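The residues making up each chain are set out below.
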Amino acid sequence: MTTRAVPVTQRHAPRLARDLRPERRPDRVSAMLLAGYWIAFVLYETVFAHVTLAGFFYPFYLAFLASILLTLLGPGLHLWRPAVHAYVAFLLVTAVSFVGFLDPLGFDTIQRVVAYLLGLLATLQIRSREGLHVVTTGILTSTTILAAWIVLTAIQDGFTYRAGIATDPNVATFYLAPGVLAAAALLKHAATSAMPQRWLRLTGITLATALPLYATLLLASRGMTLALALALGTLALHGVRTRPRQLLFLVLLASLTAGAFLLPGGQALAERFTSERIETGGQRTPIWRATWTAYTQGTPDQLLLGHGFDASKRLVQNAFGSLTSTHNAYLQLLYELGALGLVTFLALHALPLLRAPTLLEPWGSMTTGLITLLLGANASVNAPDGFLYWTILAFALAIATWAPREGAPPQQGRTHRA
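Computed from a predicted structure; not experimentally measured.

Participant: Can you walk me through the environment of Leu248 in this structure?
Facilitator: Within the secondary structure layout, Leu248 lies in helix α9 (residues 247-262). For the pair Leu248 and Lys188, spaced 60 residues apart in the sequence, the C-alpha separation amounts to 8.4 Å.

What follows is the structure in structure tokens.
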């Protein structure tokens, strides 16, 4: 007996959609959760910095854990094993650094450890290519709101010193930077490809790039702006040999930057670079020298595994009084976690950077820009102490895991069990 194929009619379509929805919805919900966290965190730390809500982010962290557990019990997790192995190795070295830890566990120490763990939790919230688009939308949303607030505050304050915002301008610049890079990657993709409604897309993405660029100049953060400029440079150069049609993007990016400098307050960054403290790197070089000297004088065990978690704070405080920061994440990790800790930390950044050339656009350029931003920011501040640093790294790792690759087969609808 033969069966006749039944065409999918309009009557059957709703039922089929309901059947497929349970497989797609968890991936979308977890990505929306991460996007919501990104927006809430950025705005809470900047626009609403005057508001204090104890435990405001705890529900997000619990939801991240619950989402992962539910996925493990259901379809399973798709893991990029090299990245997971490098992450676990870094966390193990961090755990070893607590052996012999003599100081009481303060809130700052616990918060820093939670930030390290957040990166792994956040990476696992993105479980499909659809999730990459959801989180990218969240990044652009947070950046647009933050940039608009900075510009409006600067206008109301008469373009005074560093936009006149109440929060740390260096932190605000770092929070703006991922959105600048995401928008720039999309702008590059729109400028170098023949997509439908190309010019309409170019106009919208150009505006999304121009606003945070201008806000960055108003904040006049030397170290963070240098890191962002380096990231934009590597983003622009990514794939230039295989995709030489990038002249339009380079012209647009140069025009936006030059135009931002000509706007009111746009010269603030140039003025800060001519200040008297520029010769000493903001008086950071003595701290860097003292930290490096103390590390090289350690025992073989300390050279390999470091002096212990948070040990750099005591070192800097003993040498410079009220200061506690090394103002360089590489030296901080080298002194506290040793060479092994620094190597595993750098491996987490090298893995997505090495895979970026095989990723299709705009994901390859976006990954290159985001990782370069993180590596550049570490040269002037202890950026990994903050939560958003690990969220940015998590997004870059997720892009390297899920973004379409050149010559790779189409993505399957289901994830693979871990």
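Don't stop here, the text continues.
Participant: Help me understand the packing of helix α8 (residues 222-237) against helix α15 (residues 363-377) in this model?
Facilitator: Taken N-terminus to C-terminus, the directions of α8 and α15 make an angle of 150°; their axes are 8 Å apart at the nearest point. For the element pair α8 / α15, the angle class is roughly antiparallel. Regarding α8 and α15, the two cross each other, and that crossing is right-handed. Facing Met224, Ala227, Leu228, Leu230, Ala231, Thr234 and Leu235 of α8, the residues of α15 in contact are Ser365, Thr368, Gly369, Thr372, Leu373, Gly376 and Ala377. In terms of residue class, the contact of α8 with α15 is made up of eight nonpolar, six polar and no charged.

Participant: Sorry if this is basic, but what is going on with the nonpolar core here?
Facilitator: Grouped together as the largest cluster of nonpolar side chains are 113 residues, with contacts concentrated most on Tyr37, Leu132, Trp390, Phe395 and Ile399. Look past the residues within four positions of Tyr37 in its chain and what remains in contact with it is Phe57, Phe60, Tyr61, Phe64, Leu118, Phe387 and Thr391.

Participant: Explain the pattern of salt bridges here, please?
Facilitator: Any two side chains of opposite charge can pair, so long as their charged atoms come close to each other. Applying the stated criterion across every chain, the model contains five salt bridges. In this structure, Glu130 and Arg28 form a salt bridge, with 3.5 Å as the shortest nitrogen-oxygen distance. Here the residue Glu130 occupies a position in helix α5 (residues 129-156), and Arg28 occupies one in helix α1 (residues 13-45), the gap between them amounting to 102 residues. Here Glu130 falls in the partly exposed class, since its relative accessible area comes to 23%.

Participant: How do you make sense of the packing of aromatic side chains when you look at a structure like this?
Facilitator: In this description, a pair of aromatic rings is defined by centroid distance and the angle of the planes. A full pass over the atoms with the stated rule returns 26 aromatic pairs. When the centroid spacing of 5.3 Å and the interplanar angle of 90° are considered together, the rings of Tyr44 and Phe57 count as edge-to-face. Taken together, the residues span a long stretch of sequence, with Tyr44 in helix α1 and Phe57 in the loop between α1 and α2 (58-73) at a distance of 13 residues. For Tyr44, a relative accessible area of 16% translates into the label buried. Exposure remark for Phe57: the relative accessible area of 10% places this residue in the buried category. With 6.0 Å between their ring centres and 75° between their planes, Phe345 and Trp390 make a pair best called edge-to-face. Within this pair, whereas Phe345 is found in helix α14 (residues 329-355), its partner Trp390 is found in helix α16 (residues 387-402), the two being separated by 45 residues in sequence. Here Phe345 and Trp390 have matching classes, each one buried. Of the aromatic side chains, those joined through ring pairs into one cluster are Tyr37, Phe41, Tyr44, Phe56, Phe57, Phe60, Tyr61, Phe64, Phe174, Tyr175 and Phe387. Of note, Arg112 hangs over the ring of Phe309, and the distance from its end group to the ring centre comes to 4.1 Å.

The rules we used
Residues numbered from 1 in each chain as written. Predicted model: local features only at pLDDT ≥ 70, side-chain atom pairs only at ≥ 80, totals over all residues. Heavy atoms only, no water. Helix = DSSP H or I, 4+ residues; strand = E, 2+ residues; numbered from the N terminus. Axes fitted to C-alpha atoms, helices over the stretch in contact; angles between N-to-C directions. Parallel < 35°, antiparallel > 145°, perpendicular 65-115°, else oblique. Left-handed = near helix turned anticlockwise from the far one by under 90°. Contact = heavy atoms within 4.5 Å. Nonpolar A, V, L, I, M, F, W, Y, C, P; charged D, E, K, R; others polar. Core = buried A, V, L, I, M, F, W, Y, C linked by side-chain atoms within 4.5 Å. Buried < 20%, exposed > 50% of the residue type's maximum accessible area, 1.4 Å probe, protein only. Salt bridge = Lys/Arg side-chain N within 4 Å of Asp/Glu carboxyl O. Phe/Tyr/Trp six-rings, centres within 6.5 Å; stacked < 30°, edge-to-face > 60°. Lys NZ or Arg CZ within 6 Å of the ring centre and 35° of its normal.

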